[in-house]
Amino acid sequence: MENNRSNIAFSFITPILGYIIITLVAGCSATKFVPADKELLKQNKVILNEIHMDKELLLPYMKQKANKKILGLNMHLAMYNLSSSKRNGWLSRWLKTIGEEPVIYDPFLKQKTTKQLQLYFINKGYRDAIVKDTVFRKKQKVRICYELIPSQPYLIDTINYDITDSLIKHFVLSDTSKSFLKQGALFDLTSFENERMRIEYNLKSQGFYNFNKDYILFKADTTGQKKKNNVTLEIKQNKQRIDINQFITTPHPQYKVNDISIFLDYDGKKVLAKDSLYFTTLDTIIYKNISFIYQNNEKIKPNSILQSVFIECDSLYSISNVKETYNHLSALNLFRFINITFNEVNKPDTNGWGGLINCQIQLNTYAFQSFSVELEGTNSSGDIGGALNFGYQHKNLFKGAEVMNFNIRGATEAVKERYNGRIHNTLEFGTEMRIRFPKFILPINSRNFIKLYNPKTTVTLAYNLQKRPDYTRSIANTSFGYIWQARSKSFTHIINPIEINYVYLPPSPELSNFIDRIKDTYLENSFKDHFISTTNYSLIYNSQNFARNIQFLFFRLNTETGGNILSGVNTILNRPKIDDAYNLLGIRYAQYIKGDIDFRYYQPLNETDKVVFRLFCGVGVPYGNSNAIPFEKKYFAGGANSIRAWQVRTLGPGSNKDITTTYPNSLGDIKLEGNFEYRFDLFWLIKGALFVDVGNIWAVNDLGNREGAIFKPNLFYKQLAIGTGIGTRFDFSFFVFRLDVGFKTHDPSEVPGNKWIFNRDKIYSNDYNINIGIGYPF
């Protein structure tokens, strides 16, 4: 088995190492496909000279970019150069497809880049700036240096407003604190354009339906002081046509929404074709003065749609309400098509009053019901298995956009004993039903609250049966919880006021033998019948912008307390303890408190490369009715999403090395983990990664007498495990298949002198670990 693992690791590492070697060799002939009278563009370099700016912002102005690099190597160019210049066989065509042809230096594009960069800095306020380009040549290769020779920048001195329309002036002046134009700031044309769009958006949110940024002008003139500008913001008045050749100047009109109609089952082609048969199938009902147009029958309750509609009759038009309506209707996940249109039905008078518009919301629904069947293979640190999943989803269960997911799963896995290598089959059967309501069932259910916080209620029922070589275990679970967003949309709150788990292990000879083996260890209490009644809360922050490849943060805080409600009931009823613990229906329940944080930082380096940091800290403490937190709530380390150089549940706690249990089952009450990963594109669908994982788990008490397992502030940093590795990801867009090889670097469980693996004379097969996963580890 060790030879097989060595072969697998070798076969995995070889392509990546081979790829790097090939790159270095092919790099010697980087100009293989460069004509004799041409040159290869090797590098673009920008020197900014005292101007502090992210150079990534300048990439769009580079009219010719050098071949992309990975770890400083032109791997894609190297792959292209491995193809034949004389033959056009399938291998050469494939190498050219996955590779990148050489970028031939073009003097015209170099000059264009220089002009574009200079224009960019002029627009940024450096009007007298000069960009100088210098070309360095060596062995048919060119490096270009673009150097900015800066000047004293132009600044904004004062900001004035020339607005004759009194109502417009009121709205603009009341919102200047959010202006992109600040006194003393750079005279940056981008700021002026952003300010125009900001004012346009704000006015369109105050009823000015026909207003646009073309009405906004900026005038600038220099003061007596050098390179300082007085800026005047002018808003032109509205022009209203009174006949074919004559206009008059009027205030900008505000519009109110007159009528709203919501058109479900909207078919644009039939509407445009004026299909009479289609129109005869439509029914209209009036609900809260809003027309709902259905085809044949009512599929969704009107109130369920209205709670996502921010546009209201007899209220001023607001583009922000239109945007929120789009967002909330999309979040229902019921509609494949959403379109909101407005039609002017009454023009305003010459004073800007009386403008009316009708609103039509056009919707077309998805199929509400769907089925899925999935056959999957599993690999849990070398234990091979398979699973069959059946799923059923209904997106509109009670005609109120309630989403029900019902899943059945059956799985089997061949589990290897840790020391003798014997294989045992395990079986698992599970079923789960989850219903998500698009509102709070209790206690708050006002329409305003729904619009502000987009709340949801989730109810879950689940059952899982596990048949292992040593025991059979049944787990029943039910939970009731709420999800809502903060106004910023970056924050999400999740609270489950009540979640109940009941764990039952039916008596058997295998279980008796297993209990005897783990008697007086930290695992003993985990394999007894028990209740877990918890209340938990999570706060999630995610600043990711899917439309832009920029840095973002992810943060999750989890807090959980178990047994408090049951303990309070027992205290009030003054019930006696049984075997020194409170019971519910003769079954002991767990009591503990637990909290953890998960922090992630994503930093793109360029269009294809990024670095990702992750930090996880968690602690669980038993008290009252328990001397250990439940097995299901403990932390573990190792595996595809943790310290990848160790198999799952084989690391820790602390410097302890488990040699008593048949199967890997190292658990702890405290977990610290940090991960760093450098991700980069290779070729085709294949991406690569280099990573470092650091961390471990610890116990909070000496239950089980595990030497070196207890967390000690003056010792824990010496017990941190360190793993390094390389990985390959096959990105198929709809899912990512991942293969990682982690190598142990520092093993806290080893004897002194052997903890740093590379200090040894020999590396063993268990000093590395192969992980197979779906999706990214974090």
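Let us look at the structure shown here.

What counts and how
What you see as residue numbers is a count from 1 along each chain, following the sequence as written. Confidence filtering applies because this is a predicted model: local features only for residues at pLDDT of at least 70, side-chain atom pairs given and counted only at 80 or more, and all residues used for totals across whole chains, interfaces and linings. Based on all heavy atoms of the structure, the side-chain values leave hydrogens and waters out of the count. Under the DSSP-based scheme used, a helix requires at least four consecutive residues in state H or I and a strand at least two consecutive residues in state E, with every element numbered from the N terminus. The contact definition used throughout considers only heavy atoms, calling two residues in contact when any of these lie within 4.5 Å. For the accessible areas, the method is Shrake-Rupley and the probe is 1.4 Å, while residue cover comes only from the protein chains on display. We treat two strands as partners when DSSP finds at least two bridges between them. Fitted lines through C-alpha atoms serve as axes, helices being fitted only where they are in contact, and the angles separating the N-to-C directions of these axes extend from 0 to 180 degrees. Exposure is judged per residue with a 1.4 Å probe applied to protein chains only, and the accessible area is read against the type maximum: over 50% gives exposed, under 20% gives buried, and values in between give partly exposed. As used here, the arc is the angular range of directions from the helix axis to the C-beta atoms. Within 6.5 Å between ring centres, the rings of Phe, Tyr and Trp (the latter by its six-membered ring) count as paired, and their orientation is classed by plane angle as stacked under 30 degrees, edge-to-face over 60, tilted in between. As a reminder, the over-ring test applies to NZ of lysine and CZ of arginine, requiring each to be within 6 Å of the ring centre and within 35 degrees of the ring normal. Surface patches are drawn from residues lacking salt bridges whose relative accessible area is over 30%; two like charges belong together within 9 Å, two nonpolar side chains (Val, Leu, Ile, Met, Phe, Trp, Tyr) within 5 Å. Just to be clear on terms, a salt bridge is a Lys or Arg side-chain nitrogen sitting within 4 Å of an Asp or Glu carboxyl oxygen. An expected span of 1.5 Å times one less than the residue number is assigned to each helix. Here a polar contact is recorded for every N or O atom pair within 3.5 Å, except that within protein the pair must consist of a potential hydrogen donor and a potential acceptor, and residues adjacent in sequence are included only if both atoms are side-chain atoms.

## Some thoughts on the overall build of the chain
- For the chain, the helix and strand inventory stands at 13 helices and 31 strands.
- Residue pairs in contact within the chain that sit at least 24 positions apart in sequence constitute 64% of those at least 6 positions apart.
- Taken as a whole, the chain presents about 40600 Å² of accessible surface, with 56% of it coming from carbon and sulfur.

## Quick notes on the sheet that holds strand β1 (residues 40–47)
- Spatially, β1-β3-β2 is the arrangement adopted by the 3 strands of the open sheet, whose pairing is mixed. With one partner strand each, in any of the chains shown, β1 and β2 (130–138) form the two edges of the open sheet. The sheet shows a mean angle of 20° between the axes of neighbouring strands, direction not considered.
- In this structure, β1 lies alongside strand β3 (residues 141–149), joined through 7 bridges in parallel fashion. Bridge pairing links Gln 43 to Arg 143 in β3.
- The strands touched by helix α4 (residues 107–123) within the sheet are β2 and β3, with β2 carrying the most contacts at an inclination of about 150°.

## Comments concerning helix α3 (residues 90–98)
- Taken residue by residue, α3 has Ser 92, Leu 95 and Ile 98 as its buried positions. Seen end-on, α3 carries its buried residues on one side only, within an arc spanning 135°. Opposite its buried face, α3 presents the exposed residues Trp 90 and Thr 97, each directed more than 90 degrees away.
- In this structure, the buried residues of α3 make contact with α2 (75–81) and β27 (670–683).

## Here we look at the sheet that holds strand β12 (residues 335–346)
- Spatially, 5 strands are ordered β10-β11-β9-β13-β12 in an open sheet, and the strand pairing comes out mixed. The two strands at the open ends of the sheet, each matched to only one other strand, are β10 (282–287) and β12. Neighbour-to-neighbour, the strand axes of the sheet open up by a mean angle of 20°, direction not taken into account.
- As paired elements, strand β9 (residues 255–263) and strand β13 (residues 355–365) share 7 bridges and run parallel to each other.

## Digging into the packing of aromatic side chains
- This structure, assessed with the given rule, holds 36 aromatic pairs.
- One aromatic cluster is present, built from ring pairs that chain together Tyr 209, Tyr 255, Tyr 317 and Phe 342.
- The side chain of Lys 594 reaches across the aromatic face of Tyr 635, ending 4.6 Å from its centre.

## Section: a nonpolar patch on the surface
- On the surface, a nonpolar cluster with roughly 880 Å² of combined accessible area is contributed by Phe 371, Val 373, Leu 375, Leu 388, Phe 390, Ile 408, Phe 429, Tyr 463 and Leu 465.
- Going through the elements one at a time, β14 (369–380), β15 (383–394) and β18 (456–467) are the ones with two or more residues in the nonpolar patch.
- The leading source of residues in the nonpolar patch is β14, at 3 residues.
- Along the chain, the position of Tyr 463 falls in strand β18.
- Among the residues examined, Tyr 463 registers a relative accessible area of 34% and is labelled partly exposed.

## Describing helix α6 (residues 189–204)
- For α6, built from 16 residues, the straight-helix expectation of 22 Å at 1.5 Å per residue is met to within 8% by its first-to-last C-alpha distance of 23 Å.
- Within α6 the residues assigned to the buried category are Ser 191, Phe 192, Glu 195, Arg 196, Arg 198, Ile 199, Glu 200, Leu 203 and Lys 204.
- Residue Asp 188 occupies the N-cap position of α6, its side-chain oxygen lying 2.9 Å from the main-chain nitrogen of Thr 190.

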